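An overview of the molecular structure
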Amino acid sequence: MKVKSIRQRLLTWLSIPLGLVTFVAVIVIFLLLNRNINQHFDNALLVASKGIKNRLYVKDGVLKFSLPHFGIDIQSSAGKSSIFYSVLNKQGKLLAGHEHIPKPKKLKKSTFYNTIYAHQKIRALYVEHEMFRNGLTYKATIIISETLEDRQELVRNIFLMT
C-alpha cells in the first residue's frame, strides 16, 4: 500500500472545502441574479400598469378605457415574451384586453404573482384602482402579465457571461 504524501493529502483536504464554497457561491450568485432580474421586469409591469391607469376615464357616468393604436408598451430585453392584460370594471366586465387572466389566490390592492395563462407560465401584476369623479367612486381592476422567456433568457445570458 502506497502512502500518500503530505502534499497530496493537503491538496485533497483543501480542494474539497474550496469546491463546496465555490458551489455555494455559484448558487447564491444565481439566486441573487434571478431576484434582481425579476425585480427589473416586475418594475416594467408596474410602469405599464400606471400607463393603463392613466388611460381610464369616466364618460356619462360609465368607466371607460382608451387604448391608442400603439397598444401597451413594456420595455424588455429581447422581446420574445408575450404580454397579456385585462382591465375590468367593478362588476368584473372586461373593458379592454384579454379575458380570464387568472387572479391571485390572495387578493390585495396590488400584488405580483406567478400563474398559467394560455398554457404558458406568466408573471402577473394585479392592481385595484379607484377613481373619484363628480363625488362618485369608480373601481377598476388591472391585470398585466408577461410570459417568462425574456426573464429566463436574460438570467441565462448574464450567468453564462460570468
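Refer to the structure printed above.
Now for a look at the structure at hand. Everything numeric in this text was worked out from a predicted model, so none of it was measured.

What follows deals with the packing of helix α1 (residues 6-54) against helix α2 (residues 149-161). Between α1 and α2, the shortest axis-to-axis distance is 10 Å and the interhelical angle comes to 140 degrees. Considered as vectors, α1 and α2 are oriented oblique to each other. For the pair α1 and α2, the sense of crossing is right-handed. Contact residues: α1 offers Val 26, Ile 29, Phe 30, Leu 33, Asn 34, Ile 37, Asn 38, Phe 41, Asp 42 and Leu 45, while α2 offers Asp 150, Arg 151, Leu 154, Val 155, Ile 158 and Phe 159. Partitioning the contact of α1 with α2 into residue classes produces eleven nonpolar, two polar and three charged.

This part covers the packing of aromatic side chains. We describe a pair of aromatic rings using the distance from one ring centre to the other and the angle between the two ring planes. In this structure the tally under the stated criterion is one aromatic pair. Aromatic side chains Phe 84 and Tyr 117 sit 4.9 Å apart centroid to centroid with 70 degrees between the ring planes, which places their arrangement in the edge-to-face category. Of this pair, Phe 84 sits in strand β3 (residues 83-89) while Tyr 117 sits in strand β5 (residues 110-117), placing them 33 residues apart in sequence. Both residues of the pair, Phe 84 and Tyr 117, count as buried.

You will see that His 100, though not glycine, has its phi angle at about 65 degrees, which is positive. Looking at the secondary structure, you find His 100 in the loop between β4 (94-97) and β5. In the Ramachandran plot, Ala 118 falls in the positive-phi region, its phi being about 55 degrees despite a non-glycine side chain. Ala 118 gets classed as partly exposed once you look at its relative accessible area, which sits at 42%.

A few words now on α2. Between its first and last C-alpha atoms α2 spans 18 Å; for 13 residues at 1.5 Å apiece the expected length is 18 Å, and the two agree. Along α2, the positions that sit buried rather than exposed are Asp 150, Arg 151, Glu 153 and Val 155. Its buried side turned inward, α2 meets α1, β6 (120-133) and β7 (136-147).

Taken together, the side chains of Phe 23, Val 24, Ile 27, Val 28, Phe 30, Leu 31 and Leu 32 present a nonpolar region at the surface, about 620 Å² in accessible area. Looking at where Val 24 falls in the secondary structure, it is placed in helix α1. Classification of Val 24 as partly exposed rests on a relative accessible area of 48%.

In summary, soluble globular proteins display a tendency toward joint burial of nonpolar side chains. One finds Ile 52, Leu 56, Leu 63, Phe 65, Tyr 85, Val 87 and Ile 144 to be the most contacted residues of the largest nonpolar core, which totals 16 residues. Broken down by element, this core gets its largest block of residues, four residues, from β7. If sequence neighbours within four positions are ignored, Leu 56 has contacts with Leu 63, Lys 64, Phe 65, Val 87, His 129, Met 131, Ala 140 and Ile 142. Core analysis: the second largest hydrophobic core is formed by eight residues, Tyr 113, Ile 122, Ala 124 and Ile 143 among them.

A few words on the pattern of salt bridges. Enumeration over the complete set of coordinates arrives at five salt bridges. Residues Arg 151 and Asp 42 are paired through a salt bridge, measuring 3.0 Å at the closest nitrogen-oxygen approach. Here the residue Arg 151 occupies a position in helix α2, and Asp 42 occupies one in helix α1, the gap between them amounting to 109 residues. Note that Glu 153 is salt-bridged to Lys 80, the shortest N-O span being 3.2 Å. Of this pair, Glu 153 sits in helix α2 while Lys 80 sits in the loop between β2 (62-65) and β3, and the two are 73 residues apart along the sequence. Given a relative accessible area of 19%, Glu 153 falls into the buried group. With relative accessibility at 52%, the residue Lys 80 sits in the exposed group. Taken together, the shared-partner salt bridges in this structure form one network comprising Asp 42, Arg 123, Glu 146 and Arg 151.

Calculation criteria
Residues numbered from 1 in each chain as written. Predicted model: local features only at pLDDT ≥ 70, side-chain atom pairs only at ≥ 80, totals over all residues. Heavy atoms only, no water. Axes fitted to C-alpha atoms, helices over the stretch in contact; angles between N-to-C directions. Helix = DSSP H or I, 4+ residues; strand = E, 2+ residues; numbered from the N terminus. Parallel < 35°, antiparallel > 145°, perpendicular 65-115°, else oblique. Left-handed = near helix turned anticlockwise from the far one by under 90°. Contact = heavy atoms within 4.5 Å. Nonpolar A, V, L, I, M, F, W, Y, C, P; charged D, E, K, R; others polar. Phe/Tyr/Trp six-rings, centres within 6.5 Å; stacked < 30°, edge-to-face > 60°. Buried < 20%, exposed > 50% of the residue type's maximum accessible area, 1.4 Å probe, protein only. Expected span 1.5 Å × (residues − 1). Patch = residues over 30% accessible without salt bridge, like charges linked within 9 Å, V, L, I, M, F, W, Y side chains within 5 Å. Areas by Shrake-Rupley, 256 points an atom, 1.4 Å probe, with all protein chains shown as cover. Salt bridge = Lys/Arg side-chain N within 4 Å of Asp/Glu carboxyl O. Core = buried A, V, L, I, M, F, W, Y, C linked by side-chain atoms within 4.5 Å.

Geometric values such as these leave the question of function open.
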